[in-house]
Amino acid sequence: MITSKRLQEIPPSGTVAISNLVSKMKAEGADIVSFSMGEPDFSTPSNIADACVESLRSGFTHYTPSTGIPELRKAVADYSRSKNGIPCDASNVLITPTKQALFMIALAYLDPGDEVLLPDPSWVSYEAHIRMTGAVPKYVTTSFDDGFVIDPEKVEAAATSKTKMVVINSPSNPTGCVQPESTIKGIADICVDRDIYALSDEIYENVIYGGRHVSIASMPGMFDRTITVSGLSKTYAMTGWRLGWAIAPAQDIVAINKLQSHSITCCTSFTQPAAVEAITGPQEEKDRMVETFRKRRDLALDLISEIPQLECNVPEGAFYLFPRCSIDMPSNELAERLLKEAKVAVTPGRAFGPAGEGFFRISYATGEDQIREGLSRIKKALASM
Ligand code: PMP
Ligand code: GLU
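Remember, predicted model here, so these are calculated numbers, not experimental data.

Caption draft 1: Representation of the sheet that holds strand S5 (residues 163-169). Spatially, S2-S8-S7-S6-S5-S3-S4 is the arrangement adopted by the seven strands of the open sheet, whose pairing is mixed. Looking at which strands have only one partner, the edges of the open sheet turn out to be strand S2 (93-96) and strand S4 (136-141). In this sheet, adjacent strand axes meet at a mean angle of 20 degrees when their direction is disregarded. In the sheet, strand S3 (residues 115-120) pairs with S4 via six bridges, with the strands oriented parallel. Across the sheet, Leu-117 pairs through a bridge with Lys-138, a residue of S4. Packed onto the sheet, helix H6 (residues 124-132) meets S3, S4, S5 and strand S6 (197-201) and runs at close to 150 degrees relative to S4.

In structure tokens, the structure reads:
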């Protein structure tokens, strides 16, 4: 097999690999409880689906401008300005799937040898994107005991003259931590002082139960040095739609759009008017979904508190729990044994960086029955290990 040296450096996505394996095992008839995939189990709200069908039937089936339809760029800008205080307009918005946005941003901003600071643990694909450009990921450790809050002093200590960018993701995948305003401000000050870009992944911005979501792009001096990404997947149960956005200074959007125009050209056309409906239409269903996630979180935390080998923080956002496991076993092996012996799929903590060792991730974006059954299986399995 011939692949580029660049690709040989990179493992497949740990989260996607486990979910693929679970789909295959389920298709073969295995009785698996899946806590692996980070996606809402709800259907997309019907007002959004109806808007999509209407646009498809009306013949809105051709290429759109590569940056996205103007109505959607404006809706995203209005929303981000009014909800998150980001001083943007439509010219600052590129419509693109969130993961594609992150990949293109790495290609657009990073050169070989540049250093990028990112929290440890953090979501699996940042490191891959950074490595693909020849830049160097440098982890800034966060800890269970501090609730996985980033310490700006550690960011400062890790920064060098080669540091180009710092990645933040609040609420966090995999820890659910909502970074406090003081932390975001501390990181913003470092970016301004040291002339560093911030890449702020805010895809879980609406899945929040406590704390307050703060966009670093709203901080003084930050808009011109921040790329904010977010999207519809998690807020409106729209993972399969592949629709999100990047917000950046207008000339940066022009640059990132070069990559979009040479790769996917534009997002799917008929989904874009439906995205306008998602953002500007009724929000009650979204609120109901978040309330359901909160109940599931509390249920899962109660059940975990009865498992002697596990210890877990109370996360304020996203739909993940990241328990610490006292069994002395690599997290990859633990996840493999839970899948084989207990028929429960979790994501090993190590997939999210070195500080994830000794942990595993539970996605509780699944029904209460599954949460009860899965945690009862985990309890039995851990007792016998
Ligand atoms: N960022 C984070 C932190 C995520 O968990 C995900 C997972 N889907 C993404 C980005 C990518 O989002 P999308 O699937 O909407 O591209
Ligand atoms: N973000 C989700 C997860 O962490 C989906 C898979 C992925 O994109 O990594 O499970």
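Picking up where we left off.
Caption draft 2: Focus on unusual backbone geometry. That bond from Ser-170 to Pro-171 is cis: its omega, -10 degrees, falls within 30 degrees of zero. Tracing the sequence through the fold places Pro-171 in the loop between S5 and helix H8 (181-194). Residue Pro-174 follows Asn-173 across a cis peptide bond; omega there is 25 degrees. With respect to the helices and strands, Pro-174 occurs in the loop between S5 and H8. Unusually for a residue other than glycine, Arg-242 sits at a positive phi of about 55 degrees. Along the chain, Arg-242 falls in the loop between strand S7 (226-231) and strand S8 (244-247). Taking relative accessible area as the criterion, Arg-242 reaches 40% and is therefore assigned partly exposed.

Caption draft 3: Quick look at the site of ligand 1. Close to ligand 1 lie 13 residues; Asn-173, Asp-201, Tyr-204, Ser-233 and Lys-234 are nearest. Between ligand 1 and the protein, one listed contact pairs an oxygen atom with a backbone N or O atom of Lys-99 at 2.9 Å. Side-chain polar atom of Lys-234 to a nitrogen atom of ligand 1: 2.8 Å apart, as the coordinates give it. For ligand 1, the cavity whose grid points lie within 2 Å of the majority of its atoms is the second largest pocket. No other element matches the three residues that helix H5 (residues 98-109) contributes to the shell around ligand 1.

Caption draft 4: Geometry of H5. In this model H5 runs 16 Å from its N-terminal to its C-terminal C-alpha over 12 residues, within 8% of the 16 Å that 1.5 Å per residue would give. Residues of H5 that are buried include every one of Thr-98, Gln-100, Ala-101, Leu-102, Met-104, Ile-105, Ala-106 and Tyr-109, and no others.

Caption draft 5: Structural context of empty space enclosed by the protein. In total, this model carries four cavities of 30 Å³ or more according to the counting rule given. As a volume, the largest cavity reaches approximately 90 Å³. Lining the largest cavity are Pro-119, Pro-121, Ser-122, Thr-142, Phe-148, Ile-150, Asn-169, Ser-172, Asn-173, Thr-175 and Gln-179. Among the residues forming the lining of the largest cavity, the class breakdown is four nonpolar, seven polar and no charged.

Caption draft 6: Examining the layout of surface pockets more closely. Put simply, the largest pocket is a space of about 700 Å³. Forming the boundary of the largest pocket are 34 residues, of which Pro-12, Ser-13, Gly-14, Val-124 and Ala-351 lie nearest the centre. Sorting the residues of the lining of the largest pocket by element identifies helix H2 (14-27), H5, H6 and helix H12 (331-342) as the ones contributing at least two each. In terms of residue count, the dominant contributor to the lining of the largest pocket is H6 (seven residues). Looking at the lining of the largest pocket, its residues break down into 20 nonpolar, seven polar and seven charged. Reported here for the second largest pocket is a volume of approximately 450 Å³.

Caption draft 7: Local environment of the site of ligand 2. In the region of ligand 2, the neighbouring residues are Thr-15, Val-16, Ser-36, Met-37, Gly-38, Lys-99, Trp-123, Asn-173, Lys-234, Tyr-320 and Arg-361. Within the backbone of Gly-38, an N or O atom sits 2.9 Å from an oxygen atom of ligand 2. With respect to ligand 2, the side chain of Asn-173 contributes an N or O atom lying 3.0 Å from an oxygen atom. When isolated, ligand 2 has an accessible area of 280 Å², and the protein chains bury 90% of it. Structurally, ligand 2 is housed in the second largest pocket. A per-class count over the shell around ligand 2 returns four nonpolar, four polar and three charged.

Caption draft 8: Fine view of the sheet that holds strand S13 (residues 347-348). One open sheet holds the three strands; their spatial order is S10-S14-S13, and the pairing between them is antiparallel. Of all the strands in the sheet, just strand S10 (320-321) and S13 have a single pairing partner and so form its edges. Two elements, S13 and strand S14 (residues 360-363), share two bridges in a ladder whose sense is antiparallel. The residue of S14 that forms the bridge with Thr-347 is Arg-361.

Caption draft 9: Region of interest: the packing of H12 against helix H13 (residues 368-383). Interaxial distance between H12 and H13 falls to 10 Å at its minimum, and their mutual angle equals 110 degrees. Judged by the inter-axis angle, H12 sits roughly perpendicular to H13. Between H12 and H13 lies a crossing of right-handed hand. The residues of H13 that touch H12, namely those facing Leu-334, Leu-338 and Ala-342, are Arg-377, Ile-378, Ala-381 and Leu-382. Of the residues in the contact of H12 with H13, the class split is six nonpolar, no polar and one charged.

Cut-offs and rules
Residues numbered from 1 in each chain as written. Chains lettered and ligands numbered in written order. Predicted model: local features only at pLDDT ≥ 70, side-chain atom pairs only at ≥ 80, totals over all residues. Heavy atoms only, no water. Pairing = 2+ DSSP bridges. Helix = DSSP H or I, 4+ residues; strand = E, 2+ residues; numbered from the N terminus. Axes fitted to C-alpha atoms, helices over the stretch in contact; angles between N-to-C directions. Contact = heavy atoms within 4.5 Å. Buried < 20%, exposed > 50% of the residue type's maximum accessible area, 1.4 Å probe, protein only. Near = heavy atom within 4 Å. Polar contact = N/O pair within 3.5 Å; in protein donor to acceptor, adjacent residues only side chain to side chain. 1 Å grid on protein atoms, 1.4 Å probe; cavity = no way out; pocket = protein on both sides within 12 Å on 5 of 7 lines; lining within 4 Å. Sits in = over half its atoms within 2 Å of the grid points. Expected span 1.5 Å × (residues − 1). Points joined across faces, edges and corners; volume = space filled by probe spheres on them. Nonpolar A, V, L, I, M, F, W, Y, C, P; charged D, E, K, R; others polar. Areas by Shrake-Rupley, 256 points an atom, 1.4 Å probe, with all protein chains shown as cover. Parallel < 35°, antiparallel > 145°, perpendicular 65-115°, else oblique. Left-handed = near helix turned anticlockwise from the far one by under 90°.

Read these as layout, nothing more, since geometry by itself doesn't imply function.
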